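Inside the fold
As a plain string of letters, each chain reads:
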Amino acid sequence: MELFTRSWTALLAAVAELPDEHFAHPSGCTGWLVRDLVCHLVIDAQDVLITLVTPADTEPTANAATYWNLVDPPTGDDPLDALIPRLAAAYGEPRLLKFHLDDVGSAAGRAAALADPSVRVSTQDKVLTAGDYLSAYVLEWTLHHLDLIAHLPSVPGPPPATLAAARALLEEIAGFPFPAAFTDTDALLIGTGRRAPTVREKNTLGAAKIPFVLG
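A brief structural summary. Remember, predicted model here, so these are calculated numbers, not experimental data.

**Re the overall build of the protein chain**
Regarding its fold elements, the protein chain presents eight helices and two strands. For the protein chain, the spread of C-alpha atoms along the three principal axes comes to 45 × 45 × 35 Å. Of all 215 residues assigned to the protein chain, the portion counted as buried reaches 45%. Long-range pairs, those at least 24 residues apart, make up 72% of the contacts in the protein chain with a sequence separation of at least 6. Accessible area for the protein chain stands at about 10,600 Å²; split by element, carbon and sulfur atoms hold 57% of it. Across the protein chain, 14 positive and 26 negative side-chain charges occur, with their mean positions spaced 5 Å apart.

**Brief notes about the packing of helix α2 (residues 34–52) against helix α5 (residues 130–148)**
Direction vectors running N to C along α2 and α5 enclose 175°, while the axes themselves pass 11 Å from each other. With respect to their mutual orientation, α2 and α5 come out roughly antiparallel. Counted together, Val34, Leu37, His40, Leu41, Asp44, Ala45, Asp47, Val48, Thr51 and Leu52 of α2 and Ala130, Tyr133, Leu134, Tyr137, Glu140, Trp141, His144, Asp147 and Leu148 of α5 form the full contact between these two elements. Of the residues assigned to the contact of α2 with α5, the class counts are twelve nonpolar, three polar and four charged.

**Quick notes on unusual backbone geometry**
Here the bond from Ile210 into Pro211 is cis, since omega is 5°, no more than 30 degrees from zero. As for its position among the elements, Pro211 is in the segment after α8 (199–205). Here the phi dihedral of Gln124 falls at roughly 50°; this positive angle occurs in a residue that is not glycine. Relative to the helices and strands, Gln124 is located in the loop between β1 (120–123) and β2 (126–129). Overall, the relative accessible area of 47% leaves Gln124 in the partly exposed class.

**Remarks on the side chain of Ser27**
Looking at the element boundaries, Ser27 is found in the loop between α1 (2–16) and α2. Within polar-contact distance, the side chain of Ser27 engages the backbone nitrogen of Cys29 at 3.1 Å. Within polar-contact distance, the side chain of Ser27 engages the backbone oxygen of Trp32 at 2.9 Å. With near-sequence residues (within four places) excluded, Ser27 lies in contact with Trp32, Leu33, Val34, Leu37, Asp147, Ala150 and His151.

**A closer look at helix α3 (residues 79–90)**
The α-helix advances 3.6 residues per turn, and as a result positions three or four apart in sequence lie on the same side. Over its twelve residues, α3 runs 17 Å from end to end, which matches the ideal 16 Å to within 8%, given 1.5 Å per residue. Backbone geometry just after α3 places Gly92 at a positive phi near 80°.

**A closer look at the nonpolar core**
Core analysis: the biggest nonpolar cluster contains 62 residues, and Phe4, Trp8, Val48, Tyr133, Leu139 and Leu148 have the highest contact counts within it. The dominant element in this core, judged by the number of residues it contributes, is α5, at eleven residues.

**Considerations on the packing of α2 against helix α4 (residues 94–114)**
The relative placement of two packed helices is expressed as an angle between their axes plus a distance between the axes. Running from N to C, α2 and α4 cross one another at 30°; their axes reach a closest spacing of 9 Å. On the basis of their axis angle, the class for α2 and α4 is roughly parallel. For the element pair α2 and α4, the recorded crossing hand is left-handed. Here α2 contributes Arg35, Val38, Cys39, Leu41, Val42, Ala45, Gln46, Val48, Leu49 and Leu52 to the contact with α4, which in turn contributes Leu97, His100, Leu101, Val104, Gly105, Ala107, Ala108, Ala111 and Ala112. Classifying every residue of the contact of α2 with α4 gives 15 nonpolar, three polar and one charged.

**What about the pairing of β2?**
With burial as the criterion, each face of β2 is covered, one bearing Lys126 and Leu128 and the other bearing Val127 and Thr129. Both β1 and β2 contribute to a ladder of four bridges, which runs antiparallel. Each residue of the ladder has a partner; that of Ser122, found in β2, is Val127. Turn length for the β1-β2 hairpin, with the two strands adjacent in sequence and antiparallel, is two residues, and the turn residue Gln124 shows positive phi of about 50°.

Rules and cut-offs
- Residues numbered from 1 in each chain as written.
- Predicted model: local features only at pLDDT ≥ 70, side-chain atom pairs only at ≥ 80, totals over all residues.
- Heavy atoms only, no water.
- Helix = DSSP H or I, 4+ residues; strand = E, 2+ residues; numbered from the N terminus.
- Buried < 20%, exposed > 50% of the residue type's maximum accessible area, 1.4 Å probe, protein only.
- Contact = heavy atoms within 4.5 Å.
- Areas by Shrake-Rupley, 256 points an atom, 1.4 Å probe, with all protein chains shown as cover.
- Lys, Arg positive; Asp, Glu negative; His and termini not counted.
- Charge placed at Lys NZ, Arg CZ, Asp CG, Glu CD.
- Axes fitted to C-alpha atoms, helices over the stretch in contact; angles between N-to-C directions.
- Parallel < 35°, antiparallel > 145°, perpendicular 65-115°, else oblique.
- Nonpolar A, V, L, I, M, F, W, Y, C, P; charged D, E, K, R; others polar.
- Polar contact = N/O pair within 3.5 Å; in protein donor to acceptor, adjacent residues only side chain to side chain.
- Expected span 1.5 Å × (residues − 1).
- Core = buried A, V, L, I, M, F, W, Y, C linked by side-chain atoms within 4.5 Å.
- Left-handed = near helix turned anticlockwise from the far one by under 90°.
- Pairing = 2+ DSSP bridges.

Put into structure tokens, the structure is as follows:
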């Protein structure tokens with residue numbers, strides 16, 4: 001729960017401090033500008049709010065790792081992926097997008113802080129505890145924080161503790177640890193296909209099959 005708060009707070013703060021011109025920069029998400037990524041974060045925050053008030057009375061069917069589905073790399077053809085840039089453009093001014101993310105995002109953060117981690121919730125036809133659900137989102141926030149700063153090196157990155165937690169969860173999903181020589185950031189970027197490994201990194205990975213594209 002604490003790591004959810006730390007990762008989300010850091011991401012919201014990074015967006016809040018972005019100059020307007022940065023919203024037109026590319027992000028680390030294929031085909032999305034920074035403004036598109038921020039619009040996606042608004043939808044993510046809404047999903048958190050919806051899920052935390054959608055109780056389930058059956059046994060959990062997923063945990064923080066199995067919450068994630070492995071999907072094909074994004075092409076921009078998915079209807080939702082294509083919708084996001086249109087929604088982001090509709091805001092017109094970055095300040096309006098910032099305001100909406102701060103408004104909905106702050107509410108999602110408060111809801112998470114108040115949630116009982118043992119309560120079971122339902123989302124995407126899965127049942128899991130609120131604690132596992134919020135732990136899954138540490139990976140979501142951390143990856144998108146890396147997407148945010150992909151072409152903005154002056155913007156602060158994710159906290160070290162959340163990078164480490166996100167890496168550990170990705171390793172659980174993968175079923176193997178990434179090489180110790182990889183930094184947490186490199187493990188996350190390479191492991192999810194956000195950066196291609198160098199020849200040396202490929203040799204270090206050996207026969208491990210990557211990337212793991214999460215959906």
